[in-house]
Every structure is written in structure tokens, then in C-alpha cells.
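For reference, the chains in residue letters:
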Amino acid sequence: MKRSTTKPPAPPEPPAIEKWTKEDVHLWLMTQVKVHQTCADKFIEEEVSGDCLVGYDKTDIVDLGIKHGPAVKITSYLERLKEGSQYESQFPAYVENWTKEQVNQWLLQHVKIYSKYTERLQEEDVSGDCLVCFKKQDFLDLEVKSGPAVKIREELRKLKEKPEPTLQPIPDTSTDQIATPKPVELNLPQSIATKQAASYNKTESKTDETVGEKAENLPFKRTSEKKEIPQTKAQDLRAKRKETVVTTTLPDSQITVEIQKTLDNLLKDDLKMFHFYLREYTKSKHKPIPRSKLEGKDTMDTATLMTECYGSNVALQVTRDILKQINQCDLVCHLEKKMGQPMQQCSSKEVLKKEANQGDKLKNLLTCGGNSLDNYDRFVVVANKSSPEQVQYLQFLSKLKLFCVLDFDPESASKGGLCYSYRESRVANQHTPSQYQGQTESVIKNLNLYKQTSWVFCNGRHDIDGDSNRELDYKKWLRKSCRDVEQLVSFICNPEVLCHGRSLIIFLLLSPVDTEKDPIFDTYKSFIKHTDEKNIITICESQSTYEKWGELIQDKCDCDIDPLSIYELTLSEVNGTVMALGPFNQSSGRLLPSSDSSAVVLTQKDEDLMTALDVLCLNQCENIYDENSQEFRDCRIKVEEEFYRGGKVKWWNFYFCDKDTEKPFIKRDKYENVKKMIKSQSRDSNASVNLLNLFHHPGCGGTTLAMHVMWDLRQEFRCAILKDNTLPKDEVAIQILKLMMLESDKPSPVLLLVDDSKETKNPYDLVICIRKAIEDFTNINMDDVQNCKIIILNCVRSQSPKEQYRQHNQHNSTPCQYITASLTPEEQKEFEKKLKELKETHEKPENFYSFMIMKSNFDTKYVEDLARNTLENFDFSTKTDRLFAFLALLNTYVAESEISLSLSEDFLGMKMIRWREDSVLDRLKPYANLLIIDTVEEWGGYKGIRILHHTIASACLEEFEKTYYLKVSDIAMEILHCDLFFSVGVVKDRFMLSIQRMLIERQRKKDGDEREPFSPFIEKIHSQQGRQTVQEIFWRASSRFETSASIPQALARYLYINERDFPEALKWAEKAKNIKENPYTFDTIGQVYKSNLKTNMHREKQETTHNPEDLTTNFKIADNAIRAFKRAQELANPEDEPVEEAADDESDDYPRKSYNIYGYVGVLEIAFLVFEILGKLPFFEESDPMKKKYLQSFLQKVIPITSVYKTDNDINNRYVEIIREHEQFLLNLKNEVKEMFDLLDCYFTYIKGNNSEFDSKNRWTISGHFKTYSYNQISALLLKTLQDVGLRYPFPDPYYLALLLLWPSLTQENTEIGTYVNAIRNSSRKHLSKLFRHRSTVAHLYLGKEEGLKRLISKPQLDENFKMMRRNTLAQLWRNGDIFKDRAIINRLLRVSGTIEQGEVFANYGKLKIPVRPALIGGIRTGFSTEKISFYLGFAISGPLAYDIQHEN
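Residues numbered from 1 in each chain as written. Predicted model: local features only at pLDDT ≥ 70, side-chain atom pairs only at ≥ 80, totals over all residues. Heavy atoms only, no water.

K.L.:
Explain the overall build of the protein chain here, please?
P.N.:
A tally of helices and strands in the protein chain yields 65 helices and 25 strands. Looking at the protein chain residue by residue over its 1449 residues, the buried ones come to 52%. Carbon and sulfur atoms make up 48% of the accessible area of the protein chain, which totals about 69,400 Å². (Helix = DSSP H or I, 4+ residues; strand = E, 2+ residues; numbered from the N terminus. Buried < 20%, exposed > 50% of the residue type's maximum accessible area, 1.4 Å probe, protein only. Areas by Shrake-Rupley, 256 points an atom, 1.4 Å probe, with all protein chains shown as cover.)

Shown next as C-alpha cells:
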């Protein structure tokens, strides 16, 4: 081009970033960003050109192996570059010249933050020029808490207005440093490192010259002069911590080749596993090799990378360590043999060298380097024999969140033993290893795992007699118990039970293990088969015990456990160290309000027993933190941020606002109404239990409002939240009464919060159970019963809270309240004010989306815009975006739903690594701002991820459909397609349950108590895509939920209600019945037939001509319907009902376990439909009195059908033929109807009465036998009778007599007595339970202390001792069991010894164990703990009953 002579040319425009070469990127980093050359070189190595660079964020840069400090700086400069601007510092120049050491000094001396934060920043090379680029999130990513992060940024801003601060050098106190410099002879790797460092200095100067030469041709302007690049010092290459050093004099090239040859022996998958552990290797001082460098590398490349990164000697050690981790022990031996002596480890004396501070080591092992035991979700302890002297120093066990203890001391449960001591202050259920066998969910439920500690006796238990409880020698233990313990270990290590990396196993050696032939050593080997050895630590009572144990494990398991062992602290020191760790209990104890404005202490043991309740104390949150500390301030920032983003409200939220009165918690408009409602019911109502409903839209703050009211009433009520809805209601009732009477002679009023997210009848069932418990089974004096006040505040999630409120007020006398997704003007002002307050303490509170949704008065446009902007680059083909879509679907259609962190990690391919909790959120960017991690109480409090607010989830679904043409059915099919979600596992089961709920759970109609015919999800698909897609969803779901009857049952409902396709509906109803025969599946079959019959009748009414063959069809349908309803009624036995799964019709149409009489009602309905069909026939027309009389006479069998007068024609003749074919069916109908009416009349008459006793004529017959025959005569007659009737006699009378006469005594023992107990249970259940299943039988005879017939004492005889007592008072004593505390009763009745095993009570006579039922509710608690007990024995028509059960210890 010819240059103009008149005008100088304009400088050429810098090319777009996308056109930069990788060399251009390198130059920009060196001259503009001014990072160290090693950082810039990483970009060259990874071939990062301009078009790649524009897509990079901080995470991508860190993945290159660049430390966090430079990565933040590069990211900041890159952002400016993409905006078209240059980076301009907002801080004094001296700040950007600070080294990372000077930054450390400034933070410690002037900002005054914790040293652990400053050390973390220094580790990540945060110098001054990097620090000024940091945003709050960058600090958080380095695990610096929100409070300090905000403080650092604020102090940086203040530097612009202050003189330069003085920085004082910080003395190095590291024990690894040498105080006086000495000449050191360098080994080969050290000398190489030193040469490399020296040559680097020379190379650097040459590089600077080269950069200067190229500067003229840079594709961007230079804005500042070259800054000196920090140099690596030779001494920095030295090890900073103790590690095993491998020394060798072999050339680097030979070591690389040997590593390569070793790796060549690995299979492809094994090499992948080697790469996985290599990028996670942390034992060396060197930074792990990043994933990006290892991807696709072969064995030669891998070996070269390792020697370059670690140096040849350390590379050998790394290779050896990782091969061990992936169980390639043969290759380890081969490598050691090949390389010779240099691979040998330090001597055992060096291995046992004393740690600088074993107290700190113990803290680090238990807390992962923190100060609180909360880092681990659960602990598992394995202990051997202890001495009584040691037990006093093992109190720290009560502070750990113990999942279970594997105890090899048979004396542990005896006085002075470890288990005995633990149970003095905490609850532990005593188990055996065999109790851990079976379905995971069943084991967890039966043993109360997660809720209470399981104490497992792994080799005998001497406090209970019997051969099965004796301690075994090693050989017998191997044969009889080893397999059970191995299965127990496998259960514990199942990641669906205890997540890997979130639980810690502690081997507590309280006595020496001298030989490998010890059960506890076999148990250790079992653990390392199932989990990483890093998850196991050892605490030994002495160093000598550790040396033997360590040698055994080193020799037999090839594991060096020294880094994971504590052996130089006394047990007293161990105890003190652990007790000093957080979380701290309240120093004054947790307090509950009591009578006369007093307070009582809630002990940890009492709280352990109330597994269903989360108790709110008077002094909740007090005396836990130093409230002037930074830790307290950090806690407040974190808790507030979680809540306002969309997390569940915590008691801390109210506590913080109470402490800062100028920033109170927002009081909703209905706050005072709810509070007054509770107080007035407590004051004015005569009922002992009151259920108050608070109806609320999802996500509008209903539960938060209820908790706010409860917080402010904690001085007047003993307050608790029902946190476990899975427990039986009678068990919950006992726990509530325990809370009411705790540490007090008089009952205290109780306020219970129930969060009823499914709009169920559960709270009403709970009211009945509590009232029954107060009336019958509590230790409350008659005068105090009227003072029992239990208020249940039931938060009912509703789609139409205002309508439900109106309906409730029309039909109920008890008050209720409602709250909707709409703010009053006053509330809006309060939210505006709160936003200003949050801006003072939090960065970007505008991103607290749940808060902002409420502040916007639930503005749909705000939510829609948020969803649209967030989903701008949504791509359903990627796993991260699919996972987000799954969450959006679940959180829209299923209340309280989430996907567990572990399942999310599995889906994203993140398993096997100890990820930070928020790592999943990192992977889910850019959606992380819409997500939150919650603790889910079920199954031990695992972590689950969900969308912040259900309106956001719903808006995202709308955006998927509108912009990306992705329907809810597409997302559902994708979930159902994924095998991972439907494999076996506890957490996965909860996810599967959520999917089931989405498919089948129906909402209540707006205008009544009935429910919609189908779930909202199915309604949506039906309205959008119709039957075909609905069926495809159900077909796919039925193949996933093969053992669930509710899916085919729901499809049957859809087909017969919506589509009137009765053949297809019947097919799916039959499929449900084949999966599980219960009242509900048979009822569905009956409903299909009934609907078919009604449809036929309606069609026939519209037709002008009639086809007689329709009558045949209808009779067959009716006959099948009656058979189905009869079978449903037969199966409606409470002991046969399913308890594991609530089918669709079960959960929605009938309350659980209350099918009761619905089968009878179904039979009646069909019978009357048949009568209606007959009444429409020409010769039976009901409108004609004479013809109607003919019908009645026919049904009464007075005249045959052939004698009925009728017009003689083909149609009538055909009708007669059809009736004759079905005559038996039709004539039986009248008798069946009469029988049904009689049964129902009996049923309804019975439930009207209050008498819980059932008088049997046969019982009076037995009483007569006693007067007529002597003992021997009646015994002989009884034995003959028992032979005649066998064990399946339909009436319980002979077996009742057998219990009375053949019950064991000191002089005689009948080994068949257990058989008769089972026989009377079966007989009474069949004979008596049909109508009286909800009434308990009572004993009329009790076991006394004499012999023969005199030992049988009747209830009237015992009542003779209380002639002067009022009748109702005496009745109350019998009902609540207090009668057995009276001396007159104690003197006459015999106390029987027994045990509780697997939740069952047994009376023990030598080796004879006889099953007995507890007479009173709450006689035994859940958890399947094996306990020694004693009780009084009563004889009821349903079998022997245990009264006044007492635990021996």
C-alpha cells in the first residue's frame, strides 16, 4: 500500500481476541497481566489461543494448575479485555507491589483475621496485585467465611484514605525449619532443583529481552512498564512437612522408563483409575497434576509428567502409593524389586517418631483441620475390652454423633462397662450383628438407626443369660459370628447408609491386641475391604498397644496407619481434647418452662428418647458462642444468607433478630391472629388436645410464620416440631406426653408444630392417639387431667388456602387461619426496610431470590425474567442442564422434594472423591444462584439439593417449554430412562418415592374435601398431549417400579375414570393386584367393574331399544365386582395390611390402615345397582306396584321367575333365560344385603359406645368350669380337648384355658405353652378382629405368687383392696397402669422375668421363651434394643399381656 504524504496513518486496530494465537495470549499474560512466566507457559502448553481464552473462567484457569491468586488476577484482566477496556487499579500503588508474605502481614496485623485464612491465601500465591482483583466469591472459594471476606474488601477500600501501613515481619515458628543455616550436602533431586532455579534466573532475563523486542508488534497497547516477576527460591523446593523420602542415584531417564514399564501392566480401566488417584494425590508438597494434563495420556506420557512434576525420586514413591490404593500389590512388589534397596521405607523407629503435638493431630483427624465435630455426619466406633478405670475417661463418646458402636467386650452392658456408662447419659439400643441383615430400609427403620445410637455386641453379652450370649474363643467366633460381623461392616460401609468421606470410623483399642487371631483384627480387615483406609483412625490406650497393632496391620494389610493413629495421649487427655471441640453445648443446660414460672433441665438422654420431636428450649441458642467473636458474626452472616436465599428458617434467625432489636424479624400480618388463636384455645378450650390449622400457599412463609409465633411463646409452652412423620402416631403421642410431664409433677402446656405438606389426615389421627394416651395410659393424677393442654398447630400446604379456611369455618368449631402468596402494603414496607438492612451486612442481597420474590409481592414477571435470563444458554443434552431440569420438575410437582448430593455426584460423575459440599453447585453453574443445599431429616440427615423457591422451579418449566420446546413429559421420560436413579439404595429410594408422588399424588379440590381425580403432573400431560403420552409415562414407570402396585393402580384409575376403557383399566388393576394383594388393589378392581356397570346402565337409559344380552354382561360384571369387594374386605385385617407402601387409592381415598368396612359398602352398592337393573325389566318395573311386588317375591324366593306374569315375546323369554342362568347369584343377593346391614349396624352401634371391654359368653363358661371341676380333672379334660380341636380352632376359648392351667411355674414347665400362645393369637384375631380391631382386650385374671388354681387372681379380687376409692379414680388407675405401683397389688402378684428382643416381649422360664404382648401403649419403645425386663402377667382372650414393664438397668 502506498503511504500518504499528507496525513500520518492511524495506528492499526488491535485484532479481536478471538484471532490471537497462543503466542499472543502468552505475551498478553507476560506484559499486561504480568504473571509469572510459569503461569503464562501453562497456557502455551495447553494450546490456549484467543478463541479459547474468551470462554475461560476462573475454574478453567485453576484447572490448568495455576494457583488461585494469579487465576483471579487473570480472570479480572480478561473480563476488562472482553469489555474493551483496560484494567485500572482503584488502590494505592504500594498495595499492588506487596508480596504474598506482605499481604499475609497486613491481614494479620491490620485487618486482624484468623491465621488459617491468611495461610490459605498465602498458599494460593495471593500477592498484592492479585488481592486487589478479589471479589467476595473468590474469598469464599478459598473457604474464607463471608464475614472476613467482606471485612478484607472494606479494609482494602479504606487504604485509599490512609497512609501506607507499617508491616512487621512474622517470625517463622515452623518446627521443620533449621534455626541456624548450615551447609547441606544435596542429594541428586535437590542438586537438580538448585541448578534449575539458577538457570531459571538466567533464562528469565533473556525472556524479558525477547518480550521487549516483540512489544512493538503486540496486538494490544502496553499500558505500563514491566514489573519484576517473583522468582522461585531454591529453599522453597524443600519439603514443608514430614513425608517419607525415597532416595536413589539412578538417572531420571531410567526411573521414567521403569515407571512406564510398570504402568504398561495396567489394564485400560486400571490406568484410568491410576490417573484419577494421581490428580487427587496430596501426600507430596507438590501440587497434584491437573486433570487436563492427564486426559488421553498413555503410560510414557504419564511417567514423564510424573517425573517432571515431582522429580524422579518422589515420582517413584507416588507410583508406589497409588498402585497400593488401587490394589495392584503385585506391581508394587515388582517395582520395589526392580529398583532395589532405595525403595525401602524408613525404619520402624522413624515411623514411630513422636508427633510434635498429638493433641493437634487428634483434633485434625476428628475435624478435618477445623474446630468442630460437625465436619463428619456420623462416627462409627469399634472397641475392645475396657476396664472400669478407663470408662470414666470415655465420656467423649457421648459427644460424638454415633451411628453405632461395635463392642467386643461382653461385660460392656454390666455395671462398670462402657455401654452401661454411655447409657447413663445417652440412649443406646443394644443389638447383635445378625439384626443388621435384611432390606436396608427395614433395618434402618427397625433399629432406629440415625435417631439413636446402635450398640452392637459382637462377641457375647454376659448381662443376659443364655448360650447365645456367651463370649466365644477365636475359632468358635470365626465359625459362628464372623460372617454376621462382616455383613454388619458391609452394611455400615454402604454409601447409601453412610456417605463416603462424610463419616469416620474410630478403632478404640482399650486393651492390647497381641495376635492376628483376634475378632477385632478381623473386623479391621473387613473395614478396609469396604472403605478407604483414610476413613479409619486408631486411638490406643498406650504406645505399646499401638506398636503391636501397627505392626500387625503393616505386616498383614500392608498399611502404614501411623498418620491416622493417636497413641501418646492418655485417655484422660483424649477425653479432654475431644470435649473441648465444638459444637458446644449450652453451658447452663437446655431449659424447659415448668409450673409456677419455674424451669427444668432437658437432659440429652431425654432428648434422645423423643426421636420424633425437635424441642425448642427457653434458652435456645444461648451460651454457645462468644457473641463478641468473629465466629459468632460469621455464623450470623451465613445463617441469614441461607435463609433469605431460600433455605429453611432456623431458630438462629429469630435469635439473631432478638439480639439486634433495631433489625427485628419481619412480623407477617397474620402473626398476631395466630398467636391469639393459640393462647385463647389454651385458655378457653375444655379439650385436652386442640388441632389448629394454618392454611398457606407453598413458599409464602406459612411455616416460617408458625415458627416465629412458637419462638415468641416458648416461655409459656413447651414447644416442639414434629420432625418425623414416619413414626406410628401412638409412639409420637407417648413422646408428646413425656415432653408434657418431663421433670414435673404437674403437666405443662405443649405447643406442637406439624408441617402437613401433603394435606393428609395424619394430624387428626395424632389428636385421637394423644387423647387416648391422656385418658388411658399416662401417669397423670385425676385432678391434673383437666390441666393437660396440647395445642397442635398444623401448617397445611394448600393451593387454595382462603377457600379451605372458609370451608373449615363452615363445618368446624375450632378456629383456623390462612396466609396467601400476597403481601399487605404494611408487609411490603417491612420487606423494603429489611432489604436496606441486608445491604449493610451482605453483598448483593438482590441475589437472595426467595426474599426478593416475596418483596416483589410474588410478582410473576420478576420470576419469569429471572428464569429466562438464567436459562439463556440452557442445553438439555448436557448432564448439568439435565440435572437442573430434573430439579425443576420435581420441585414444581412434589412438595419437600430434593435430589441428594451423593446421587447428584453420581449422575455428574463426581463420585469417589471427598468433594466440598458446594462442589455440585460449582458444576451446576450458571444455575447455582437458583439452588440451595438443605439437610434432609430422613435417613440420618443427608444433604439434598433443590431450587430456592417453587415459583422459580415452575417458571423454569414454562421457559423450557416456551423457548426450548421441552415438555414436562420429556423431562420425566429422561428421568425414567436413567438406570442410576432406580438402583437399590436408601437415598435413591427417597428420590424414587418423589417420582412416585409426582405420578400419583392428588391435590384436594378447591370446593370440598375430595381430591382431584389425578395428580397435577398427569393432568398437565393429559391436557397437553392426551392419553398416549400419559400411558407411555405410566408404562415406563411401571417397569421402573416393578414391586409397586400404586403405578398400575393409578393407570387403571386414569383409564376407567378418564377414558372409560374398562378392559385396559381392568388389565392394569389386575397387574396391581398381582404385585400386591391388599384391600386397596382389590378395591380398585371392584371400582373398575362398578364404573363399567354404571356406564352401561347410563348408556342403556339413552337407548330406545334394548338388547337382552346386555343383561348377561351386566350380571357378570356385577358378580365380578362383588367378588372383588368381598376379597378386599377379607384382606382388611390390620395384621395383613401393607405397611411399607401406601398405594394410590390407599393414601388418597382411605386413611392408612382404615379400610374397615369399605368392602361391605362396595357389595351393597353393587347389589342395589343390580336391583335397579332388575327394576327396569318390562315385567319388574318399579313404577308398577304389582310388578314391583313380583320382583320382591322373586328375590324372597316366594315365586320362581317362570311364575312371574309377563308378556310372552322373544325379548321377555330371553330375559327369563338369562335370569335363570344367574338365579343363584341373584337370589343370594338379598341374604348378602341383610348380612351386610347387620354387620354395619353392629359396627356403627359399637363405635358409638365408649366401653372398651368385650364380654365373651365363652369366658363365663370358663369361669363356670373352674367352680365345677378340680384342677386335675380340668387339666386332663383340657389336654383331651386340645388334642381334639388341634391348633386351628376358630374360637380362642380352649387356648385361653390352656394358658391359665398350663402356664409354667417353679414346679412345672409345659414346653408347648408357646404353641398355645400363637394359637390363641391366631384364633382371637380371626374371630374377634373383624369388627373390634380398634379396641384392645383386657385381662380378667392375673398371675399371683401361689401355686395351682390359687395363683390365678381375678380383677374383682384385686379391686377388693380399694373399696374406699371412687369408681372412676380406680378405673383411671387400671387404665394408666398406676394400680401396679400399689403395695397391695405388689404383695399379691408375681413379677415375671423376661426380655425384649426384636421389639417383642418374652417371658423367660429357664430356656423357655414365651411371647407376651405389652398391655399398655408405650410399654416398649422403638429401636429393637435387646433389654432385660420384668413385668406382671395378665391373661386376656387374645393372649398373655405384660403390665408395668420395668427395665432392669
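K.L.:
Looking at this structure, how should I read the pairing of strand S21 (residues 1391–1397)?
P.N.:
Each regular strand displays side chains that alternate between the two surfaces of the sheet. Pairing of S21 with strand S24 (residues 1427–1436) involves six bridges; the strand directions are antiparallel. The partner of Val1392 across the bridge, within S24, is Phe1431. Across four bridges, the pairing between S21 and strand S22 (residues 1400–1405) is antiparallel. Paired with Glu1397 across the two strands is Glu1400, which belongs to S22. Between the end of S21 and the start of S22, which pair antiparallel, lie two residues, with Gln1398 showing a positive phi angle near 55 degrees. (Pairing = 2+ DSSP bridges.)

K.L.:
I keep staring at the pattern of salt bridges and nothing clicks. Help me out?
P.N.:
Between side chains of opposite charge, a pair can form as their charged atoms come close. For the coordinates displayed, the defined rule picks out 71 salt bridges. Between Glu826 and Lys829 there is a salt bridge whose closest N-O contact spans 3.7 Å. Of this pair, Glu826 and Lys829 both sit in helix H38 (residues 825–841), separated by three residues, roughly a single helical turn. Here Lys1428 ties to Glu1448 by a salt bridge, and the two come within 3.8 Å at their closest N and O atoms. Separated by 20 residues along the polypeptide, Lys1428 in strand S24 and Glu1448 in the segment after strand S25 (1439–1447) bring together distant segments of the chain. Through salt bridges with shared partners, a single ionic network connects Glu1109, Arg1214, Glu1217 and Glu1221. (Salt bridge = Lys/Arg side-chain N within 4 Å of Asp/Glu carboxyl O.)

K.L.:
What am I meant to see in the side chain of His431 here?
P.N.:
On the secondary structure map, His431 appears in strand S3 (residues 428–431). A polar atom in the side chain of His431 sits 2.7 Å from the side chain of Ser454. In terms of polar contacts, His431 uses its side chain to reach the backbone carbonyl oxygen of Phe1424, at 3.2 Å. Apart from the residues lying within four places of it in its own chain, the contact partners of His431 are Leu447, Ser454, Trp455, Val456, Phe457, Gly1423, Phe1424 and Ser1425. (Polar contact = N/O pair within 3.5 Å; in protein donor to acceptor, adjacent residues only side chain to side chain. Contact = heavy atoms within 4.5 Å.)

K.L.:
Explain the pairing of S3 to me, please; I cannot follow it from the model alone.
P.N.:
Residues Ala428 and Gln430 of S3 are buried on one face, and the alternating residues Asn429 and His431, pointing to the opposite face, are buried as well. Pairing of S3 with strand S4 (residues 453–457) involves four bridges; the strand directions are parallel. Across the sheet, residue Asn429 finds its bridge partner in S4, namely Ser454. Considered for its hand, the β-α-β crossover made up of S3, helix H23 (residues 440–446) and S4 is right-handed. (Right-handed = clockwise from strand over helix to strand, strands pointing away.)

K.L.:
Explain helix H26 (residues 519–530) here, please?
P.N.:
Because each turn of an α-helix spans 3.6 residues, side chains separated by three or four positions end up pointing in the same direction. Helix length check: H26, at twelve residues, gives a terminal C-alpha distance of 17 Å against a target of 16 Å (1.5 Å per residue), a fit within 8%. The set of residues buried in H26 consists of Pro519, Ile520, Phe521, Asp522, Thr523, Tyr524, Ser526 and Phe527. For H26, the N-terminal cap is Asp518; the gap from its side-chain oxygen to the backbone nitrogen of Ile520 is 3.0 Å. (Expected span 1.5 Å × (residues − 1).)

K.L.:
Is there a simple way to think about the sheet that holds S3 in this case?
P.N.:
Taken in spatial order, the seven strands line up as S3-S4-S2-S1-S5-S6-S7 in an open sheet, and their pairing is parallel. Bordering the open sheet on either side are S3 and strand S7 (565–566), each of which pairs with just one other strand. Where helix H25 (residues 482–493) meets the sheet, it contacts strand S1 (378–383), strand S2 (402–407) and S4, and its direction lies at approximately 160 degrees from that of S2. (Axes fitted to C-alpha atoms, helices over the stretch in contact; angles between N-to-C directions.)

K.L.:
In this structure, what is going on with the packing of helix H1 (residues 22–33) against helix H5 (residues 68–83)? I would like to understand it.
P.N.:
The geometry of a pair of packed helices is captured by two quantities: the angle between their axes and the separation between those axes. Direction vectors running N to C along H1 and H5 enclose 100 degrees, while the axes themselves pass 11 Å from each other. Overall, the two elements H1 and H5 adopt an arrangement that is roughly perpendicular. Judged by residue contacts, Trp28, Leu29, Gln32 and Val33 of H1 engage Lys73, Ile74, Tyr77, Leu78 and Leu81 from H5. For the contact of H1 with H5, a count of residues per class yields seven nonpolar, one polar and one charged. (Parallel < 35°, antiparallel > 145°, perpendicular 65-115°, else oblique. Nonpolar A, V, L, I, M, F, W, Y, C, P; charged D, E, K, R; others polar.)

K.L.:
Explain the sheet that holds strand S17 (residues 931–936) here, please?
P.N.:
Backbone-to-backbone hydrogen bonds join strands into a sheet, with any given pair of strands oriented parallel or antiparallel. In space, the three strands of this open sheet follow the order S16-S18-S17, with antiparallel pairing throughout. Strands at the two margins of the open sheet, each flanked by one partner only, are strand S16 (899–900) and S17. Pairing analysis gives two bridges linking S16 to strand S18 (residues 942–947), with the strands arranged antiparallel. When the sheet's bridge partners are listed, Ser900 is paired in S18 with Gly944. Lying over the sheet, helix H41 (residues 879–893) contacts S16, S17 and S18, oriented at roughly 85 degrees with respect to S18.

K.L.:
What's the story with unusual backbone geometry in this structure? I'm lost.
P.N.:
Glycine aside, a negative phi is what most residues show, and trans is what most peptide bonds show. Looking along the chain, the bond that leaves Lys925 and enters Pro926 is cis, with omega of 10 degrees. Looking at the element boundaries, Pro926 is found in the loop between helix H43 (919–923) and S17. Even without being a glycine, Asn448 presents a positive backbone phi close to 55 degrees. Inspection of the secondary structure puts Asn448 in the loop between H23 and S4. Relative accessible area serves as the criterion here: at 2%, Asn448 is assigned to the buried category. Here the phi dihedral of Phe858 falls at roughly 60 degrees; this positive angle occurs in a residue that is not glycine.

K.L.:
Teacher, can you tell me more about the nonpolar core here?
P.N.:
Considering soluble globular proteins, one finds that nonpolar side chains tend to be buried as a cluster. Counting residues in hydrophobic clusters, the biggest one holds 171 residues, and the most contacted among them are Phe960, Phe1017 and Ile1219. Sorting elements by how many residues they give to this core places helix H55 (residues 1158–1175) first, with ten residues. Beyond its immediate chain neighbours, meaning those up to four positions away, Phe1017 contacts Leu889, Tyr893, Val968, Ala972, Met998, Leu999 and Ile1033. In this structure, Val48, Cys130, Leu131 and Leu159 belong to the second largest nonpolar core, which totals 49 residues. (Core = buried A, V, L, I, M, F, W, Y, C linked by side-chain atoms within 4.5 Å.)

K.L.:
I'm lost on the state of the cysteines in this one. Help?
P.N.:
One way to say it: the disulfide is the covalent bond shared by the sulfur atoms of two cysteines. The tally for this structure, following the rule as stated, stands at zero disulfides. Here Cys559 is not cross-linked by a disulfide; its sulfur's nearest cysteine counterpart is in Cys557, at 5.4 Å. When its relative accessible area of 5% is taken as the criterion, Cys559 is described as buried. Here Cys621 is not cross-linked by a disulfide; its sulfur's nearest cysteine counterpart is in Cys635, at 8.6 Å. With relative accessibility at 4%, the residue Cys621 sits in the buried group. (Disulfide = S-S within 2.5 Å.)

K.L.:
Would you mind showing me how to read the packing of H1 against helix H2 (residues 37–45) here?
P.N.:
Relative to each other, H1 and H2 sit at 165 degrees, their axes nearing to 9 Å. Compared by their axis directions, H1 and H2 come out roughly antiparallel. H1 and H2 meet at a crossing whose hand is right-handed. Residue-level contacts link Lys22, Glu23, Val25, His26, Leu29 and Met30 of H1 to Gln37, Ala40, Asp41, Phe43 and Ile44 of H2. Its residues assigned to classes, the contact of H1 with H2 shows six nonpolar, two polar and three charged. (Left-handed = near helix turned anticlockwise from the far one by under 90°.)

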